[in-house]
Amino acid sequence: MRRKKIAIVGAGDFQLPLVQEASKENDVVLIAPVIGKAFEPYIKECCLIDVRDQDAALNFCREQKIDGIITDQTDISVRTVAYVAEQMGLPGIGYETGLLFTDKARMRDVMEEAGIPCLPNRTVTSVEDAVSFWRELEGTTVIIKPLDSQGSRGIYSCDSEEDIRKHFDESAGFSSNGEVIVEKMATGMEFFVEGMAFGGTFRNLIIGDTHYFDIENAYAAESRRTPSVRNPETVRRVLERNREIIEAFGLKQGLTHSEFIMDGDEIYLLETAARGGGVYISSDLISLETGINVEKFLVDIALGQLQEMPQSKATGKYSGYKAFYVPFGTVKSITGLEEVKALPYVHRNQLDNLHVGMNVPVEKLNKTNRLALIVEAESEEQWQERVAHIRDILHVECESAGTTRDLVWK
């Protein structure tokens, strides 16, 4: 029987689980600007291009005569996957749906049409328009963020005209067309929800709690943990809001990753995506809690060979990712690395990226120097204990200008 050929778009750490699963029964061709050695044992061909170059990806996929195309845990590949699938008549979400799930302004327009509450927001193309909207909100703190970037790049909180003028150009620089969303800032509890669609039916899979680093303008989570330990009625309402939004967006198949925030008693969407959550949420947290092999699901829908939606089996696990920053400077020594990797409750991780000689050239904390590991437990309390144990073991000496720093965990 001929092995089918599947294209996977993206070759970051978080796409490796999907490539590994797909390669078990299929020939994998990989599309990414850079492909690390970890991928080499699992792929037959590769195409080194910007994953946003839709026509180049389409030409390569036609040459390869692929049977399906998919991505996971990254936003910037979603449009290209949808475009290629539509152009080649392969299973997919449809290009218009791909645009919707990667454009924050379109998301809010569709939600407003469906009567779903949104935080006050405006899409702008100039700093003057951003300042004008801030004034309309009577000086409340706002968030400015690129229209279609990912990974918290270009996101800033601004509580003054000076702040907006300081950060606007950088935020716009991460947007494909220079447009920026200016949105009233909410400061309540945050949740993430992972869902699954197949055959036009949608189902929520897991819901968890988001916790951020206590660092100014570092809009990255220090941990995301599931299941949520918040009030059960609030959890129910967040799940219902997510179902309402995804059904309004018309997703036919695939995974969803949504992020919500509370403002008073109201629940607002921050963003949603037609792919699984990054930092191994899709590949590990879903399976640890539900028993579902997410990568197999993605491969099967891409190849049009899924017969029915997988069923969840509650495992009773509590799990989450714990992230840390490697500080500014050069790593001179590491202790405890192999010991942490060998812990039975540590699953997929980015610890292989931490090595002596690693250099963080810019004195700024962002996702380029944030690493993470998945930690499994039986309860929130045990998870905290295990993370504390990891922090006791794992240390670095990162040197810059005669100053030595350790890892940043909070």
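None of these values were measured; they are calculated from a predicted model.

**Q** I keep staring at the pattern of salt bridges and nothing clicks. Help me out?
**A** Side-chain pairs of opposite charge can arise whenever the charged atoms involved come near each other. All told, the structure shown has 33 salt bridges when counted by the stated rule. Across the pair Glu183 and Lys145 runs a salt bridge, and its minimum N-O distance is 3.2 Å. One end of the pair, Glu183, is in strand 8 (residues 180-184); the other, Lys145, is in strand 6 (residues 142-146), and 38 residues separate them in sequence. For the salt bridge of Lys322 with Glu222, the shortest nitrogen-to-oxygen distance reads 2.5 Å. Separated by 100 residues along the polypeptide, Lys322 in strand 14 (residues 318-325) and Glu222 in strand 11 (residues 221-226) bring together distant segments of the chain. The same class applies to Lys322 as to Glu222, namely buried. Each of Glu128, Arg135, Glu161 and Arg165 takes part in one network of salt bridges that share partners.

**Q** Explanation requested: the nonpolar core in the structure shown.
**A** Nonpolar side chains in soluble globular proteins tend to end up buried together. Ile6, Ile8, Leu30, Phe297, Leu298 and Tyr321 are the most contacted members of the largest nonpolar core, which totals 46 residues. No other element matches helix 10 (residues 294-302), which puts 6 residues into this core. With sequence-adjacent residues up to four places away left out, Leu298 is seen in contact with Leu18, Ile70, Thr71, Asp72 and Leu255. Counting 45 residues, the second largest nonpolar core, distinct from the first, contains Leu90, Ile116, Ala197 and Met262.

**Q** How do you make sense of the side chain of Thr80 when you look at a structure like this?
**A** Locating Thr80 in the fold gives a position in helix 3 (residues 78-88). The exposure class of Thr80 is buried, given its relative accessible area of 0%. If near-sequence neighbours (up to four positions away) are discounted, Thr80 is found in contact with Val51, Arg52, Asp53, Gln54 and Ala57.

**Q** Just checking my understanding: could you explain the packing of helix 2 (residues 54-64) against helix 3 for this structure?
**A** In helix packing, the relevant descriptors are the interaxial angle and the interaxial distance, both defined with respect to the helix axes. In the contact formed by helix 2 and helix 3, the axes pass within 9 Å of each other and the chain directions differ by 50°. Regarding the angle of helix 2 to helix 3, the classification is oblique. Regarding helix 2 and helix 3, the two cross each other, and that crossing is right-handed. Only Arg79, Thr80, Tyr83, Val84, Gln87 and Met88 of helix 3 make contact with helix 2, whose side of the interface consists of Gln54, Asp55, Ala57, Leu58, Cys61 and Arg62. Looking at the contact of helix 2 with helix 3 residue by residue, the class counts come to 6 nonpolar, 3 polar and 3 charged.

**Q** How should the pairing of strand 12 (residues 254-263) be read in this particular structure?
**A** The side chains of a regular strand alternate, residue by residue, between the two faces of the sheet. With respect to burial, strand 12 is a largely interior element, 9 of its 10 residues being buried. Two strands pair when backbone bridges link them, and strand 9 (residues 190-198) and strand 12 are joined in this way by 8 bridges, in the antiparallel orientation. Each bridged residue has a counterpart across the sheet, and for Glu190 the counterpart in strand 12 is Ile261. Pairing between strand 12 and strand 13 (residues 266-273): 7 bridges, direction antiparallel. Paired with Ile261 across the bridge in strand 13 is Tyr268. Connecting strand 12 to the next strand, strand 13, in antiparallel fashion are 2 residues, including Gly264 with a positive phi near 70°.

**Q** For this particular structure, what's the right way to read helix 5 (residues 104-113)?
**A** All buried positions along helix 5 are accounted for by Lys104, Ala105, Met107, Arg108 and Met111. One side of helix 5 carries all its buried residues, which in axial view fall inside an arc of 160°. Where helix 5 is buried, its residues contact helix 4 (95-100), strand 5 (121-124), strand 6, strand 8, helix 8 (232-249) and strand 13. N-cap assignment for helix 5: the residue whose side-chain oxygen lies 3.0 Å from the backbone N of Ala105 is Asp103. Once helix 5 ends, the next one or two residues include Gly115, with phi positive near 80°.

**Q** What is the right way to look at helix 2 in this model?
**A** Spacing of three or four residues puts side chains on the same side of an α-helix, whose turn is 3.6 residues. Considered for burial, the residues of helix 2 that qualify are Gln54, Ala57, Leu58, Phe60, Cys61 and Gln64. Each buried residue of helix 2 sits inside an arc of 165° when the element is viewed along its axis, so together they form one side. Where the residues of helix 2 are buried, they touch strand 1 (4-9), strand 2 (26-32), strand 3 (45-48), strand 4 (68-70), helix 3 and helix 4.

**Q** Where do I start with the sheet that holds strand 3 in this structure?
**A** In a beta sheet, neighbouring strands are held together by backbone hydrogen bonds and run either parallel or antiparallel to one another. The 4 strands are arranged 3-2-1-4 in an open sheet whose pairing can be described as parallel. Two strands in the sheet have a free side with no partner beyond their single neighbour: strand 3 and strand 4. Strand-to-strand twist of the sheet, defined as the mean angle between neighbouring strand axes without regard to direction, takes the value 20°. As paired elements, strand 1 and strand 4 share 3 bridges and run parallel to each other. Across the sheet, Ile8 pairs through a bridge with Ile70, a residue of strand 4. On the sheet, helix 2 packs against strand 1, strand 2, strand 3 and strand 4 and is oriented at approximately 160° with respect to strand 2. Packing against the sheet, helix 10 makes contact with strand 1, strand 2 and strand 4, and its axis sits at approximately 140° to strand 4.

Thresholds, definitions, all that
Residues numbered from 1 in each chain as written. Predicted model: local features only at pLDDT ≥ 70, side-chain atom pairs only at ≥ 80, totals over all residues. Heavy atoms only, no water. Salt bridge = Lys/Arg side-chain N within 4 Å of Asp/Glu carboxyl O. Helix = DSSP H or I, 4+ residues; strand = E, 2+ residues; numbered from the N terminus. Buried < 20%, exposed > 50% of the residue type's maximum accessible area, 1.4 Å probe, protein only. Core = buried A, V, L, I, M, F, W, Y, C linked by side-chain atoms within 4.5 Å. Contact = heavy atoms within 4.5 Å. Axes fitted to C-alpha atoms, helices over the stretch in contact; angles between N-to-C directions. Parallel < 35°, antiparallel > 145°, perpendicular 65-115°, else oblique. Left-handed = near helix turned anticlockwise from the far one by under 90°. Nonpolar A, V, L, I, M, F, W, Y, C, P; charged D, E, K, R; others polar. Pairing = 2+ DSSP bridges. Arc of directions from axis to C-beta. Polar contact = N/O pair within 3.5 Å; in protein donor to acceptor, adjacent residues only side chain to side chain.

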